[in-house]
Amino acid sequence: MSQTATPAPQQAAPARRNARDKTWSNPKGLDLTPIKHNVWGAERPFIWNTIDVGGRMTVIKLEDGSLWVHSPVELDPALQQTLAELGPVRHVVSPNYEHVKYAQQWIHAYPDATAWACPGLKDKKPDIGYDRTIGTTADAPADWPREIGFVWLNCERVPVLNQAFFSEVVFHHEPSQCLLCTDVYWNYPRSAPPKTQLWKFGMDVVYLPIYRNLLVADAREFDKLLARIDAWNFNTVVPCHGRVVMEAARDKFFAFLRRGVIGDQP
Ligand SMILES: [Fe+2]
C-alpha cells in the first residue's frame with residue numbers, strides 16, 4: 001500500500017433520523033459521528049454495572065462504495081436508515097473475542113454481507129454464523145478490501161490455559177490514515193462522569209499492567225507485530241473505548257502498548 005496518501009476533506013455524515021441522548025460516550029448525540037473522510041463512529045453508551053463504559057463501532061466507506069463495519073453496536077432502525085444512505089453494508093467485522101454481542105443481529109440484517117471473525121472466534125462461538133476468519137496469516141483473502149490492512153496480535157496467552165485472551169486483530173485504513181483497535185488500547189477522557197472515572201482508574205492502574213503481561217507473553221513476537229503496525233501510515237487512532245486520538249496518535253499508541261503509558265485526554 002502507498003505511504004503517500006493524502007486525506008481528503010472530512011465528509012459530513014448524513015442527517016440523523018433520530019436525535020440520541022447526549023452522553024460522555026456520544027457527546028454529539030448522533031447516529032454516526034464523522035471522524036475523517038469516509039470514516040464514521042457509531043458512539044454509544046455501553047452500560048456495565050450502571051457504569052457507561054462507552055463503545056464505538058467504526059464504519060468505513062470503501063473505494064467501491066460499500067460499507068465496512070468494525071465492532072458493531074446495536075442495530076436499530078435509525079442507524080439502519082442512516083447506513084442505507086451511505087451505502088450497502090458488505091463487511092461486518094468482529095475484531096476480537098469480546099465485541100461480539102451484536103454480531104448475529106447484523107448477520108441477520110445484512111445476509112449479503114460477509115461476516116468476518118477474528119482467529120478462533122468461529123470455533124469459540126459457532127452459533128453466531130460467521131462466514132470467514134481474518135488474520136491467521138498476513139495475506140488478505142481475495143474478497144477482503146484491499147485498502148484495509150490488518151495485524152493479528154497473536155502473542156497473548158492466558159496462563160495455564162495457554163489460549164489467546166482477546167485474539168484481537170488491529171486494522172489500518174490506508175486512505176484515511178486511521179488505525180482501528182478494540183480492547184488493546186483505550187482512551188477514556190478525564191471529562192467522563194465520576195463512575196466512568198472509577199472505571200478508567202481500574203483500567204489504567206489495575207488492569208493494564210495485568211493485561212500487558214498477558215499480551216506480551218511472547219515478547220519477540222509482540223515486537224514483530226508492533227513493527228508491522230509501525231510500518232503503517234497512520235496519524236489517527238480510533239479505539240472502541242474512549243476518544244479518537246488525532247494528536248501525536250502514533251506516539252501515544254506505541255507508548256501505551258510498549259510501556260503502558262496512558263495518554264492525557266481531557
Ligand atoms: Fe471492549
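For clarity, every value in this text was computed on a predicted model and none was experimentally measured.

What counts, and where the lines are drawn
Residues numbered from 1 in each chain as written. Predicted model: local features only at pLDDT ≥ 70, side-chain atom pairs only at ≥ 80, totals over all residues. Helix = DSSP H or I, 4+ residues; strand = E, 2+ residues; numbered from the N terminus. Rg over C-alpha atoms; globule rule 2.2 N^0.38 Å. Buried ≥ 20, exposed ≤ 12 C-beta atoms within 10 Å, placed from the backbone. Contact = placed C-beta atoms within 7 Å. Pairing = 2+ DSSP bridges. Axes fitted to C-alpha atoms, helices over the stretch in contact; angles between N-to-C directions. Core = buried A, V, L, I, M, F, W, Y, C linked by C-beta atoms within 7 Å. Arc of directions from axis to C-beta. pLDDT = per-residue confidence, 0-100.

Observations concerning the overall build of the protein chain
Right, so step 1: Each helix and strand in the protein chain was counted, giving 6 helices and 13 strands.
Right, so step 2: At 17 Å, the protein chain has a C-alpha radius of gyration in line with the 18 Å of a compact globule built from 266 residues.
Right, so step 3: For the protein chain, the spread of C-alpha atoms along the three principal axes comes to 45 × 45 × 40 Å.
Right, so step 4: Each of the 266 residues in the protein chain was classed as buried or not, and the buried ones make up 40%.
Right, so step 5: Sequence-distant contacts, at least 24 apart, represent 55% of the contacts inside the protein chain between residues at least 6 apart.

Some details on the sheet that holds strand S12 (residues 178–181)
Right, so step 1: An order of S10-S11-S12-S13 is seen for the 4 strands of this open sheet, with the pairing classed as mixed. In the strand order of this sheet, the two ends are held by strand S10 (148–152) and strand S13 (236–239), each with one partner. Between one strand axis and the next, the sheet turns through 20° on average, direction left out of account.
Right, so step 2: Note that strand S11 (residues 169–173) and S12 share 3 bridges and pair antiparallel. Looking across to S12, one finds that His 173 is bridged to Cys 178.

Brief notes about the sheet that holds strand S7 (residues 89–94)
Right, so step 1: If you trace the 7 strands from one edge of the open sheet to the other, you get S1-S2-S5-S6-S7-S8-S9, paired in mixed fashion. Strands with a single pairing partner mark the edges of an open sheet, and in this sheet they are strand S1 (33–36) and strand S9 (132–133).
Right, so step 2: For strand S6 (residues 67–70) and S7, the ladder comprises 4 bridges, and the chain directions are parallel. Considered in S7, the bridge of Val 69 is made with Val 92.

A word on the nonpolar core
Right, so step 1: One finds Val 59, Val 92, Val 170 and Leu 179 to be the most contacted residues of the largest nonpolar core, which totals 61 residues.
Right, so step 2: Leave out the neighbours within four places in its chain, and Val 170 touches Phe 150, Val 151, Leu 153, Leu 179, Leu 180, Cys 181, Val 184 and Ile 229.

Focus on helix H6 (residues 249–259)
Right, so step 1: For H6, the set of buried residues is Ala 249, Phe 253, Phe 256 and Leu 257. Down the axis of H6, the smallest arc covering the buried residues is 85°, so these residues share one side. For H6, the exposed residues lying more than 90 degrees away from the buried face are Asp 251 and Arg 259.
Right, so step 2: In this fold, the buried residues of H6 make contact with S12, helix H5 (219–230) and S13.
Right, so step 3: One or two steps after H6, the chain reaches Gly 260, where phi turns positive at roughly 70°.

Considering the confidence of the model for the protein chain
Right, so step 1: Chain-level pLDDT for the protein chain is 90 on average; 93% of the residues reach the 70-or-more range.
Right, so step 2: For residues 1–9, every residue scores under 50 in pLDDT, and the model assigns this stretch 14 contacts once sequence neighbours within four places are set aside.

Observations regarding helix H1 (residues 77–86)
For an α-helix the count is 3.6 residues per turn, leaving residues at separations of three or four pointing the same way.
Right, so step 1: Among the residues of H1, those classed as buried are Leu 79, Thr 82 and Leu 83. Seen from one end, H1 has its buried residues packed into an arc of 100°, which puts them on one side. Exposed residues on H1 whose side chains face more than 90 degrees from its buried face are Pro 77, Ala 84 and Glu 85.
Right, so step 2: In this structure, the buried side of H1 is in contact with strand S2 (39–44), strand S5 (55–61), S6 and S7.
Right, so step 3: Within two residues after H1, Gly 87 carries a phi angle of roughly 160°, on the positive side.

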